[in-house]
Amino acid sequence: MSSPGTGTAELVEFEQSRTPLQRVQGVLHKYPYLSPLIVLVVAVIIFYLLNDRFLLPQNISFITQQTVVVGTLAIAQTLVILTAGIDLSIGAATTLAQMTMANLAVFVTASNVLPIAGQNPYLAILLGIGVGVLTGVLNGFLIVRLNLPPFIVTLGTLSVFTALTLILFKARTIQAPEMPEVMKWLGNTFEIGEFKLMYGVVLMLLMYVIFGYILKNTAWGLHVYAVGDDPNAAQLSGISTKRVIFSVYVVSGLIIGIAGWLTIGRVGSASPNPDPLLNLDTITAVVIGGTSLFGGRGTLLGTLIGAFIITVVQNGLSLAGLDQAYRVLAIGVLVIVAVAVDQWIRKVKA
Amino acid sequence: MTTTTGTTTPVLQGRNLVKTFGRVVGLDGANLELYPGEVLAVVGDNGAGKSTLIKCFSGAHTPDSGEMQLNGQRINFTSTHEAREHGVETVFQTLAVSPALDIASNLYLGREVRKAGFVGKVFRTLDKKGMRQDSAQHLRDLGISTLQNITQAVETLSGGQRQAVAVARAAAFGSQVIILDEPTAALGVNESARVLQMIQDLRDRGLSVILISHNMPQVFEVADRIHVARLGKRAAVVTPQTASMNDVVAIMTGAMTVPDHEQQLTPVN
Ligand SMILES: Nc1ncnc2c1ncn2[C@@H]1O[C@H](COP(=O)(O)OP(=O)(O)OP(=O)(O)O)[C@@H](O)[C@H]1O
Ligand SMILES: [Mg+2]
């Protein structure tokens, strides 16, 4: 490469010497969010053909609202999976953060054990987010300090967080009327034309932009990829892999805390029983979105598309009058296809 | 080139280094001296402890016991990052490149450069353009002409190209010592010659180089002194002028031994 100009020319020549299939492989390798994007577009077209109400503004608004919790948590899950980890406790941690928030915000009742409850809803939100961060600190500590596999650690903390929620908050749902308004603020909507956008959706998109920027343009972001890609190489390159992995779980705890607040806004109330599909849906969004479970490869844009695929399929099937079992079936097939495509893309060679 | 002790302080020195991995003994009281501006070749059979020895100086291993010095100062690197900050760069046998990252990101991995001014300070934005330009320059300096694009992921490169990236990284940033663990193992004839030329250029710039290699003609071509490792120890230090390849092989395999006090000099026949 004698100058940047000739370098590009050589590259073009080099691309042309490959078969069409290899070229597709190369493009998917470079832009891993392309395959989920194609799936999303195809799904939207099919569901529109099945029922043209699918693309009505209120239905699109509804889809965005249905995506907001999974979509936000999927950011945290992406960060973790990029380091070749996994977070099975994400749903339970969100519920713990959300219940802490809700119980701190409402006035003391017989079943509410928290002494400073009902003082200040803003403080409640902050403390709830803090609990989210603490769940990340605990996961990160166990994984990095005790050198335990993320799968096992988060399987354990899944039970711990669930139990803590039930022990501390006595299985009591905080109903919408008793919840201070600010707690539900993210659930409010504003109108753009005929679309009703939820503040929570705006927050989610903002977080995608911020974390997308961080992953792509900061040293920390690069290190997250490097650590997941080849931890030994990263360590020998002077990166403190333990510090990076720990920080990823802490940051993901922060996102979990925010997602707790979002959940209250979306649902209006706070229930100690998490959505049983939430954990798997976040992982599904990440995997369908083209992020490799082996770490080091993937984009947040892909994850956002993946999260939308889940709700689009769910929503489209019910509009088409089909049973939700088809949703489960479709998602299952998509996950397997996504992993197979990832394996294939990984084989790309010059 | 001085081959005597006492007159010059070694850049790197190791005394009685011991490193065990569970029951496996990697280093069993190894010594090493690297003098300013010299190329020291380290040769030995597979498993002789060459990689383990240099990893102690690279900050990748912490020896169980023994003492290490850099320019007469005791060192105890706990990470490769620390060694790099002291000007000691290493091309590891495993290359230690990150496959999914592009060439430029790999060159600057762990020492990324941020944009100047507000954007870099507040948003910690990396100066990708600058790093790419500099990376391209470093590769050109090394005469690597077969790389198509600096933004190519390293996993799309051939084994030799990856090795070139790792070598370019060390050459670009090393300011005192450059350690190369079998840097030409996957390289073609031309690329190997380039690396050997680069080693000589680095020496001319005043740097000290440790070269691990199984390629005897190469070793005899570039080395000022040859450190022969055997069974986790140093078996001898010879010079290309005073010993033949057969001598070196004989020491490597234990057919010839050199007493401790004469390890700085030529082997006795
Ligand atoms: N991380 C490790 N864990 C366990 N044993 C190790 C490790 N690194 C090295 N060893 C052992 O230490 C000994 C020396 O290994 P080392 O890699 O230093 O040899 P070498 O001289 O570099 O060999 P080669 O020429 O094959 O690269 C070997 O017996 C090896 O099995
Ligand atoms: Mg070795």
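Counting restarts for each chain, with residues numbered from 1 along the sequence as it is written. Chain letters and ligand numbers both follow the written order, the letters beginning at A and the numbers at 1. The model is predicted, so local features are restricted to residues of pLDDT at least 70 and side-chain atom pairs to those at 80 or more, both for listing and for counting; the totals for chains, interfaces and linings are taken over all residues. The side-chain values count all of the structure's non-hydrogen atoms but skip hydrogen atoms and water molecules.

Turning next to the sheet that holds strand E5 (residues 73-75) of chain B. Residues and elements named next belong to chain B. Note on pairing: DSSP must find at least two bridges between two strands before they are called paired. Only DSSP runs of H or I covering at least 4 residues are called helices, and only runs of E covering at least 2 are called strands; the numbering of each starts at the N terminus. What the 4 strands build is an open sheet, ordered E2-E1-E4-E5; its pairing is antiparallel. A single partner strand is all that each edge strand has here, and the edge strands are strand E2 (24-34) and E5. Mean inter-strand twist for the sheet, computed between neighbouring axes without regard to direction, equals 30°. Across 8 bridges, the pairing between strand E1 (residues 12-21) and E2 is antiparallel. As a rule, the C-alpha atoms of each element are fitted with a line to give its axis, helices using only the stretch in contact, and angles between N-to-C directions run from 0 to 180 degrees.

So, about the pairing of strand E8 (residues 208-212) of chain B. Looking along a regular strand, one sees the side chains alternate between the two faces of the sheet. Residue and element names in this part refer to chain B. Here's how the labels work: a residue is buried when its accessible area is under 20% of the maximum for its type, exposed when over 50%, partly exposed in between, all with a 1.4 Å probe on protein chains only. E8 sits mainly inside the fold: 5 of its 5 residues count as buried. Side-chain alternation along E8 places Ser208, Ile210 and Ile212 on one buried face and Val209 and Leu211 on a second face that is also buried. Note that strand E7 (residues 177-181) and E8 share 5 bridges and pair parallel. Paired with Val177 across the bridge in E8 is Ser208. By convention, orient the strands away from the viewer: a clockwise path from the first strand over the helix to the second makes the crossover right-handed. In terms of handedness, the path from E7 via helix H7 (residues 189-204) over to E8 forms a crossover that is right-handed.

Time to look at the coordination of the magnesium ion (ligand 2). Residue and element names in this part refer to chain B. At 1.9 to 2.1 Å from the magnesium ion (ligand 2) lie its protein donor atoms, namely Ser51 (OG) and Gln93 (OE1). Here Ser51 is found in helix H1 (residues 50-58), whereas its partner Gln93 is found in the loop between strand E6 (88-91) and helix H3 (103-107), with 42 residues between them in sequence. On the basis of relative accessible area, Gln93 is assigned to the partly exposed category, the value being 41%. Each metal site lists N, O and S donors within 2.8 Å (3.2 Å for Na, K and Ca). With water left out of the atoms, a site can look as if it is missing ligands.

Glancing now at the packing of helix H6 (residues 121-144) of chain A against helix H12 (residues 241-267) of chain A. Residue and element names in this part refer to chain A. Running from N to C, H6 and H12 cross one another at 150°; their axes reach a closest spacing of 7 Å. On the basis of the axis angle, H6 is roughly antiparallel to H12. Crossing angle aside, the handedness with which H6 passes H12 is right-handed. Residue polarity follows a fixed list, in which Ala, Val, Leu, Ile, Met, Phe, Trp, Tyr, Cys and Pro are nonpolar, Asp, Glu, Lys and Arg are charged, and the others, Gly among them, are polar. Split by residue class, the contact of H6 with H12 holds 14 nonpolar, 8 polar and 1 charged. Working definition: roughly parallel below 35 degrees, roughly antiparallel above 145 degrees, roughly perpendicular at 65 to 115 degrees, and oblique for all remaining angles. Each crossing gets its handedness from the near helix: less than a right angle anticlockwise from the far helix is left-handed, clockwise is right-handed.

Residues and elements named next belong to chain B. For every domain, the bounds stem from an assignment made automatically or drawn from a database. Splitting chain B by domain gives domain 1 (1-87 + 178-185 + 207-269) and domain 2 (95-173). Each of domain 1 and domain 2 was reduced to a C-alpha centroid, and the two centroids are 29 Å apart. Counting the surface lost from both domain 1 and domain 2, the interface buries some 550 Å², and carbon and sulfur atoms represent 45% of this. Salt bridges are identified by distance alone: a Lys or Arg side-chain nitrogen within 4 Å of an Asp or Glu carboxyl oxygen. There are 0 salt bridges connecting domain 1 and domain 2. By convention, the term buried area covers the 1.4 Å-probe accessible surface removed from two parts as they join, with the contributions of both added.

The subject of this paragraph is the packing of aromatic side chains. Residues and elements named next belong to chain A. Pairing of aromatic side chains requires ring centres within 6.5 Å, counting the rings of Phe and Tyr and the six-membered ring of Trp. Pairs whose planes differ by under 30 degrees are stacked, by over 60 edge-to-face, and all others tilted. Scanning all chains against the criterion turns up 6 aromatic pairs over all chains. Each ring, one from Tyr31 and one from Tyr33, has its centre 6.2 Å from the other, and the planes form 65°; the classification is edge-to-face. Note on Tyr31: relative accessible area 38%, which makes it partly exposed. You can call Tyr33 partly exposed: its relative accessible area is 23%. Cluster of aromatic residues (ring-pair linked, three or more members): Trp185, Phe190 and Tyr199.

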